[in-house]
Amino acid sequence: MVKPDIHTLAHHLKQERLYVASEKQLIQRLNSDVLKTAERLYRAAWIAKQQRINLDRLILTSAEASPAECCQHAKMLEDTQFVDGYKTLGFQETIYGEFLARLRDNPRLVASCLVAGERLNQEHTQGVIHTVFTSLYGNCIMQEDESYLLQVLRYLIEFELKESDNPRRLLRRGTCAFSILFKLFSEGLYSAKLFLTATLHEPIMQLLVEDEDHLETDPAKVTERLTPAQQERFGEKGSEGYKQRVQAAVEANEAKLVALVNKFIGYLKQNTYCFPHSLRWIVSQMYKTLSCVERLEVGEVRTMCTDLLLTCFICPAIVNPEQYGIISDAPINEVARFNLMQVGQHLQQLAMADDDADPRRKSSLSKFDKSCVAAFLDVVIGGRAVETPPMSSMNLLEGLSRTAVYITHNQLLVLVDFVRSVMAGDHLREEEHMALETLVANVPQNRTVKSNSLELTPSNTPQLSPATTPANKKNRLPIAAARSRSRTNIAQEGEAEASSQESLQELMPEEVLVISLGTGPQTVPGMMSENEVLNLQMADGAQGDGHADDTKLHGKPDKTLRFSLCSDNLEGISEGPSNRSNSVSSLDLEGESVSELGAGPSGSNGVEALQLLEHEQATTQDNLDDKLRKFEIRDMMGLTD
């Protein structure tokens, strides 16, 4: 009577374990697919951000970067190859990985280094700022990276803006570390794109539909863009009628601009509810920090916060909506672009209307509702300023953490050189200087790294770094000459020109090193052991009520221990019949046991292995009765001693 029931129990337990093992394998495959997809996301984000930096470099600094060179660099970025760091760095990859991990986990030290580099006028400071965002913090795709970067921005407010003699001028210039990082962060923030699209799409589309004339408000420039036939309608220049007609045209344009700007402001106030929490936290931290400075008045601090929102975030999206994805299919002609620039300028002038000394501009701005921009700022900075950065409400990568850094060889060398040069200066506090010494103590000198892969790694060349690409061709001549040594009989001038063109055509694709951060193994979702799950449940229960510890003190067996021993001994019961010759369907059970052991998780520890060996022993009637008595199965089956 007893044996068939035990065999049935063992059979069901084995079926359950096979099912659990199959589900674990499925979860492992899904986790592997998620990691591969995340890796493709990291790579695509790295290339996209480098392309954006390359485009900004062409638009903003066209004198330093020729269109041909930027196009060549864009083509190289499309062919970017990602290689494991150890293939270039060898055993030193671990050292560099530890250096990057410890630097990444210390936002205060990162901010101090950037500020010290700017004060030392380091030539690679802007490139290092880009490296910090794109490589060290991985374009803020992961939630922890976003939190780290927000802390870096907060410390930059404290170390850079607060210590500046004229923080507003420093902010408007847009070349300080805070401005550059804020721009990079706001451009890639998904919630910021949603806010800009919801706020600006409708008014921009209406402006594109109504773009009939240039909305010029300067009387001296009203007739400049008109055709000769249109200019004749204003009469002779300098006459009284001409002045009256020009003034009437200016007033008509101003009326149209007032309606347009008020429409933009209305949508701005209407969509304030979806303003990004991260940007709101940064602005509130700026207001809180700078309000404590004695030489700055509260009104000036508010103007700086408004300036940050408009100049660095909203107005660039108004002027270039296609770059921010606000509109994609509507063409923007020259008239519409000019009117968009007029709207952006008037919004900026509204932000600093109190400091404007131009009487004509003041009279023009008097037609606008000045309280609208102030009301928008009150909503942004009105919340309670907390010290902890906010967590993203839409975290599609929950459960994942970044374990590698994507950085070119040249960017890595420049970053290490930058940290060493900052450490050699005198702009750091004593504790920060000691932290940097500990950080770079084991990092090798750059010349040893360059010698290992100077010719094999194209990322060592200066023109391959997006932040340090030279505009001239002098730095490319040695490389081109090395590739054309057989052309020694050609004239030097012709050789230089030909080799320069050859270097543009034969540049290898850029190699990005994937350097491991050295983080320990992490428990993937769905693969926790039974003991870990029960320990978590018991920890939650212990926080709710403290009677769990009392039960342990009174000698009652631990719930986790009971479950573990029970499951292990039931495994022994289920494997016992497979070792006895007189058991029913012993071959089937044994086959299931073998297949189950092969499909089990590979991360079992030594204790589980010993328990498995004990369960392999032949089960006699005595120890079978002992196991039944220990876990009170005999009582449940209605049997007594």
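Just above, that's the structure.
Residues numbered from 1 in each chain as written. Predicted model: local features only at pLDDT ≥ 70, side-chain atom pairs only at ≥ 80, totals over all residues. Heavy atoms only, no water.

How should the overall build of the protein chain be read in this particular structure?
Assigned secondary structure in the protein chain consists of 29 helices and three strands. For the protein chain, with 641 residues in total, the buried portion stands at 44%. At a minimum sequence separation of 6, the contacts of the protein chain that also span at least 24 residues come to 78%. Counting every atom, the protein chain has about 34,000 Å² of accessible surface; 52% of that belongs to carbon and sulfur. (Helix = DSSP H or I, 4+ residues; strand = E, 2+ residues; numbered from the N terminus. Buried < 20%, exposed > 50% of the residue type's maximum accessible area, 1.4 Å probe, protein only. Contact = heavy atoms within 4.5 Å. Areas by Shrake-Rupley, 256 points an atom, 1.4 Å probe, with all protein chains shown as cover.)

Any chance you could explain unusual backbone geometry here in plain terms?
Generally, phi is negative for residues other than glycine and the peptide bonds are trans, each holding for most cases. With a phi angle near 55 degrees, Asn-121 is a residue other than glycine that sits in the positive phi range. Here Asn-121 is to be found in the loop between α5 (107-119) and α6 (125-136). Despite not being glycine, Asn-139 has its phi angle at roughly 60 degrees, a positive value. Relative to the helices and strands, Asn-139 is located in the loop between α6 and α7 (143-161).

Could you clarify how one ought to interpret the packing of aromatic side chains in this entry?
Each aromatic ring pair is characterised by the separation of its centres together with the angle its planes make. Per the counting criterion, the structure on display carries 10 aromatic pairs. Their ring planes at 55 degrees and their centres at 6.2 Å tell us that Tyr-42 and Tyr-406 sit as a pair that is tilted. Here the residue Tyr-42 occupies a position in helix α1 (residues 2-60), and Tyr-406 occupies one in strand β2 (residues 404-408), the gap between them amounting to 364 residues. In terms of burial, Tyr-42 and Tyr-406 fall into one category: buried. (Phe/Tyr/Trp six-rings, centres within 6.5 Å; stacked < 30°, edge-to-face > 60°.)

For this particular structure, what's the right way to read the pattern of salt bridges?
Between side chains of opposite charge, a pair can form when the charged atoms approach closely. One pass over the full model with this rule turns up 16 salt bridges. Glu-187 is the partner of Lys-49 in a salt bridge, and the nearest nitrogen-oxygen pair spans 3.9 Å. Taken together, the residues span a long stretch of sequence, with Lys-49 in helix α1 and Glu-187 in helix α9 (residues 177-188) at a distance of 138 residues. Considered together, Lys-49 and Glu-187 belong to a single accessibility category, that of buried residues. Overlapping salt bridges, with partners in common, bring together Lys-49, Arg-52, Asp-56, Lys-183 and Glu-187 in one network. (Salt bridge = Lys/Arg side-chain N within 4 Å of Asp/Glu carboxyl O.)

Just to check I follow, could you spell out the pairing of strand β3 (residues 511-516) for this structure?
Side-chain direction in a regular strand flips from residue to residue, so the side chains alternate between the two faces of the sheet. Among the six residues of β3, five are classified as buried, and the element is accordingly described as predominantly covered. Note: strand β1 (residues 81-84) against β3, four bridges, orientation parallel. Among the inter-strand pairings, Phe-82 is bridged to a residue of β3, identified as Val-512. (Pairing = 2+ DSSP bridges.)

Before we go on, may I ask you to explain the pairing of β2 in this structure?
Most of β2 sits out of view: five of its five residues are buried. Neither face of β2 is left uncovered, since the one carrying Ala-404, Tyr-406 and Thr-408 and the one carrying Val-405 and Ile-407 both have all their residues buried. Pairing of β2 with β3 involves five bridges; the strand directions are antiparallel. Bridge pairing links Tyr-406 to Val-514 in β3.

What is the right way to look at the nonpolar core in this model?
Among the nonpolar cores identified, the biggest contains 115 residues, and Phe-99, Leu-114, Leu-156, Phe-178, Phe-185 and Ile-282 are the most heavily contacted of them. Residue contributions to this core peak at 12 residues, all from helix α14 (residues 298-319). Excluding residues within four positions of it along the chain, Phe-178 makes contact with Leu-153, Leu-156, Ile-157, Glu-160, Leu-161, Leu-171, Ile-282, Met-286 and Leu-308. With 11 residues, the next largest nonpolar core counts Ala-38, Ile-47, Met-142 and Ala-404 among its residues. (Core = buried A, V, L, I, M, F, W, Y, C linked by side-chain atoms within 4.5 Å.)

Got a minute to help me understand a nonpolar patch on the surface in this structure?
A contiguous nonpolar patch, built from Leu-55, Ile-59 and Leu-60 and spanning about 290 Å² of accessible area, is present on the exposed surface. Exposure remark for Leu-60: the relative accessible area of 65% places this residue in the exposed category. (Patch = residues over 30% accessible without salt bridge, like charges linked within 9 Å, V, L, I, M, F, W, Y side chains within 5 Å.)

Sorry if this is basic, but what is going on with the packing of helix α13 (residues 277-290) against helix α17 (residues 371-381) here?
What describes two packed helices is the angle between their axes and the distance between those same axes. Relative to each other, α13 and α17 sit at 95 degrees, their axes nearing to 8 Å. Classified by the angle their axes make, α13 and α17 are roughly perpendicular. The segment α13 lies against α17, with Arg-280, Val-283, Ser-284 and Tyr-287 engaging Val-379, Val-380 and Ile-381. (Axes fitted to C-alpha atoms, helices over the stretch in contact; angles between N-to-C directions. Parallel < 35°, antiparallel > 145°, perpendicular 65-115°, else oblique.)

Is there a simple way to explain the environment of Leu-149 in this structure?
Among the structural elements, Leu-149 can be located in helix α7. Separated by 42 residues in the primary sequence, Leu-149 and Pro-107 have C-alpha atoms spaced 7.1 Å apart. Sequence-distant contacts of Leu-149, that is, excluding residues within four places in its chain, are made with Phe-133, Tyr-137, Cys-140, Leu-181 and Phe-185.

When you look at helix α19 (residues 430-439) in this model, what are you seeing that I'm missing?
At 3.6 residues per turn, the α-helix brings residues three or four places apart onto the same side. When α19 is considered as a whole, its buried residues turn out to be Glu-432, Leu-436 and Leu-439. Each buried residue of α19 lies within a common arc of 55 degrees when the element is viewed along its axis, so the set occupies one face. In this structure, the buried residues of α19 make contact with α4 (93-104), α5, α7 and α18 (409-424). (Arc of directions from axis to C-beta.)

Which parts of the structure should I look at to understand the packing of α13 against α14?
Where α13 meets α14, the closest approach of the two axes is 9 Å, and the angle between their N-to-C directions is 155 degrees. Taken together, the axes of α13 and α14 lie roughly antiparallel to each other. The crossing of α13 and α14 is right-handed. Residues Leu-279, Val-283, Met-286, Tyr-287 and Leu-290 of α13 pack against Val-298, Val-301, Arg-302, Met-304, Cys-305, Leu-308, Leu-309 and Phe-313 of α14. (Left-handed = near helix turned anticlockwise from the far one by under 90°.)

I would appreciate a short explanation of the state of the cysteines in the present structure.
A disulfide bridge is the covalent bond that connects two cysteines by way of their sulfur atoms. Enumeration over the complete set of coordinates arrives at zero disulfides. Looking at Cys-315, it has no disulfide partner, and the nearest cysteine sulfur is the one in Cys-312, 9.7 Å off. The class of Cys-315 is buried, set by a relative accessible area of 2%. (Disulfide = S-S within 2.5 Å.)

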